[in-house]
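# Coordinate analysis (summary)
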Amino acid sequence: MMGAMTNAAIDERGFFGAYGGQYVPETLMDALRELEEAYGRAKNDPTFRAELSALLDEYAGRPSRLFYARRMTEDLGGAKVYLKREDLNHTGAHKINNALGQCLLAKRMGKTRVIAETGAGQHGVATATCAALLGLACTVYMGVKDMDRQALNVYRMRLLGAEVCGVTSGTGTLQDAVSEAFAAWASCLDDTHYVVGSCVGPHPFPEMVRDFQAVISAESREQILLREGRLPDAVIACIGGGSNAIGSFYHFIEDEGVELIGCEGAGHGADTPDTAATLTAGAPAVYHGMRTYFCQDDQGGIAPVYSISAGLDYPGVGPEHAALHDAGRARYVPVTDDEAVDAFEYLSRTEGIIPAIESSHAIAYARTLVPTMRKDQIVIVTVSGRGDKDVAAIARYRGERIHD
Ligand SMILES: *Cc1c(COP(=O)(O)O)cnc(C)c1O
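Counting starts from 1 at the beginning of each chain's written sequence and moves along it residue by residue. Reporting of local features is limited, given that this is a predicted model, to residues whose pLDDT is at least 70; pairs of side-chain atoms are given and counted only at 80 or more, and all residues count toward the totals for whole chains, interfaces and linings. Only heavy atoms go into the side-chain values, all of them from the structure, while hydrogens and water stay out.

For the chain, the name recorded in an unreviewed UniProt entry is Tryptophan synthase beta chain, with Slackia exigua as its organism. UniProt positions are given in the numbering used here, feature names are shortened, and annotations may be inferred rather than shown by experiment. Under the heading Catalytic activity (unreviewed entry), UniProt records this for the chain: "(1S,2R)-1-C-(indol-3-yl)glycerol 3-phosphate + L-serine = D-glyceraldehyde 3-phosphate + L-tryptophan + H2O". In its Cofactor (unreviewed entry) section, UniProt records this for the chain: "pyridoxal 5'-phosphate".

### Some details on the packing of aromatic side chains
In this scheme Phe, Tyr and Trp rings, the latter by its six-membered ring, pair at centre separations within 6.5 Å, and the angle between planes marks the pair as stacked below 30 degrees, edge-to-face above 60, and tilted otherwise. Overall, the coordinates contain 9 aromatic pairs when judged by the stated rule. On the basis of an interplanar angle of 70° and a centroid distance of 5.7 Å, the ring pair of tyrosine 39 and phenylalanine 212 is categorised as edge-to-face. Here phenylalanine 212 lies in helix α9 (residues 205-213) and tyrosine 39 lies in helix α1 (residues 26-43), a separation of 173 residues in the sequence. With a relative accessible area of 4%, tyrosine 39 lands in the buried category. Ring geometry for tyrosine 287 against phenylalanine 294: centres 5.6 Å apart, planes inclined by 80°, an arrangement best described as edge-to-face. When accessible area is computed with a 1.4 Å probe and restricted to protein chains, residues below 20% of their type maximum are described as buried, those above 50% as exposed, and intermediate ones as partly exposed. Judged by relative accessible area, which is 22%, tyrosine 287 ranks as partly exposed. A relative accessible area of 0% means that phenylalanine 294 is categorised as buried. Here the aromatic cluster, defined as three or more aromatic residues joined through ring pairs, consists of Phe182, Trp185, Tyr194 and Phe205. A run of DSSP states H or I qualifies as a helix once it reaches four residues; a run of E qualifies as a strand once it reaches two. Both are numbered from the N-terminal end.

### Observations regarding unusual backbone geometry
Cis geometry is adopted by the peptide bond preceding proline 63, which originates at arginine 62 and carries an omega value of -5°. A cis amide bond links histidine 203 to the next residue, proline 204, at an omega of 10°. Looking at where proline 204 falls in the secondary structure, it is placed in the loop between β8 (192-194) and α9. Look at threonine 91: it is not a glycine, yet its phi comes out positive at around 70°. Structurally, the position occupied by threonine 91 is in the loop between β4 (80-85) and α4 (95-108). Even without a glycine there, the phi angle at histidine 288 is positive, about 50°. Turning to its location among the elements, histidine 288 is positioned in the loop between β11 (283-287) and β12 (290-294). A relative accessible area of 10% places histidine 288 in the buried class.

### As for the packing of helix α14 (residues 337-351) against helix α15 (residues 357-369)
Only the stretch in contact is used when a helix axis is fitted, and all axes are lines through C-alpha atoms; the angle between N-to-C directions ranges over 0 to 180 degrees. Direction vectors running N to C along α14 and α15 enclose 90°, while the axes themselves pass 7 Å from each other. What the angle tells us is that α14 and α15 run roughly perpendicular. Together, Glu339, Ala340, Val341, Asp342, Ala343, Phe344, Tyr346 and Leu347 of α14 and Ile357, Ser360, His361, Ile363, Ala364 and Arg367 of α15 make up the contact between the two elements. Tallied by class, the residues present in the contact of α14 with α15 amount to 9 nonpolar, 2 polar and 3 charged. Roughly parallel means an angle under 35 degrees; roughly antiparallel, over 145; roughly perpendicular, 65 to 115; everything else is oblique. The contact criterion used is simple: two residues touch if any of their non-hydrogen atoms lie within 4.5 Å. Polar here means any residue outside two lists: the nonpolar Ala, Val, Leu, Ile, Met, Phe, Trp, Tyr, Cys and Pro, and the charged Asp, Glu, Lys and Arg; Gly therefore counts as polar.

### Observations concerning the sheet that holds β4
In space, the 6 strands of this open sheet follow the order β3-β4-β14-β9-β10-β13, with mixed pairing throughout. If you trace the sheet from one side to the other, it starts and ends with β3 (66-68) and β13 (330-336), each paired once. Geometrically, the sheet is characterised by an average inter-axis angle of 25° between neighbouring strands, direction not taken into account. Criterion used throughout: strands pair if DSSP finds at least two bridges between them. With 6 bridges joining them, strand β9 (residues 234-239) and strand β10 (residues 259-267) adopt parallel strand pairing. The residue bridging isoleucine 239 from the neighbouring strand is glutamate 264, located in β10. Packing against the sheet, α14 makes contact with β3, β4, β10 and β13, and its axis sits at approximately 95° to β13. Packed on one face of the sheet, α15 meets β4, β9, β10, β13 and β14 (378-383) and runs near 145° to β9.

Dropping the structure here:
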């Protein structure tokens with residue numbers, strides 16, 4: 001059944017081929033085993049699945065629409081373009097799919113509290129939202145530099161009842177928040193679950209987050225078959241840690257005719273130091289509990305990364321993507337800030353959809369690929385989130401200022 005996927009199928013130690021695993025201190029091993037067991041039982045339990053499915057529908061607003069982008073298709077003059085509208089979910093992105101799944105699992109495990117890391121604040125807001133919904137206490141770790149840049153999301157999380165804990169170590173950004181959240185988790189394992197925000201970290205997080213996000217491709221596969229009577233030729237998604245991408249790819253992995261393309265945040269260029277294009281410019285290493293590709297400096301240390309998009313600004317990538325990359329089953333391309341900003345404006349005026357700056361990286365690559373394809377071909381692009389949060393930053397990028 002796994003045919004083309006043998007290289008990326010997960011083994012019992014949590015490896016996708018050469019990537020993944022559980023590189024954590026002994027103090028965390030028991031918690032990871034407890035989580036593995038609890039998740040293993042939950043995912044096969046019809047009650048858990050029904051509860052999650054009801055929340056995804058009634059609360060998050062699923063299924064998300066698969067929208068035929070007529071004007072974009074006509075303008076590009078190649079394949080038909082469909083947009084998978086994760087931006088329409090409650091809280092404005094795909095992150096709620098995972099946050100709902102993990103918070104529901106935390107409750108089932110008898111935990112009374114969740115913690116999370118956040119970069120731009122999107123995963124923090126999604127987790128704080130689900131914690132409020134399910135009556136869990138919530139603490140979010142966030143780099144102080146990010147708190148400054150994303151003050152509105154800090155206020156949102158507090159409004160939702162969460163405590164936001166500023167992280168001053170390192171560069172005061174996402175990778176430091178992840179390290180701090182793992183360290184904090186080790187001291188409160190009994191009553192607390194750590195809701196990791198992407199398909200990264202030690203096993204079972206990459207697999208579990210993938211499963212919760214796989215609802216994206218479960219839906220889009222069914223939607224495109226209904227609408228077009230056949231599978232797409234390509235699926236395109238942006239990649240930070242890789243959760244919206246693996247969710248968008250998952251149910252197409254065994255369909256060898258479907259090309260899978262991940263778009264990395266290249267910042268000022270994948271060949272400059274100001275980049276977050278991990279699979280393009282990085283190399284394998286062990287960090288944050290997993291073996292995978294990381295952006296590294298000359299000494300082999302984890303490099304500070306940069307992208308205009310805070311959601312893509314992570315030095316690593318999920319281990320399943322590393323395996324799909326090495327196996328040649330998925331292709332990963334760098335997209336620069338400039339290209340993403342152009343695409344942000346392009347989708348806004350062409351379809352009346354303001355995409356997240358993260359998602360704009362996928363739109364940007366679609367603008368390159370689609371014109372090279374035939375008119376009878378089909379492409380699905382995931383719009384992972386909405387762009388309201390980015391409007392001020394884009395204005396600044398264009399040298400304008402918005403007064404509030
Ligand atoms: C967080 C975020 C991303 C990047 O995270 P992945 O785990 O790679 O999906 C992409 N798009 C949006 C809108 C986000 O909020």
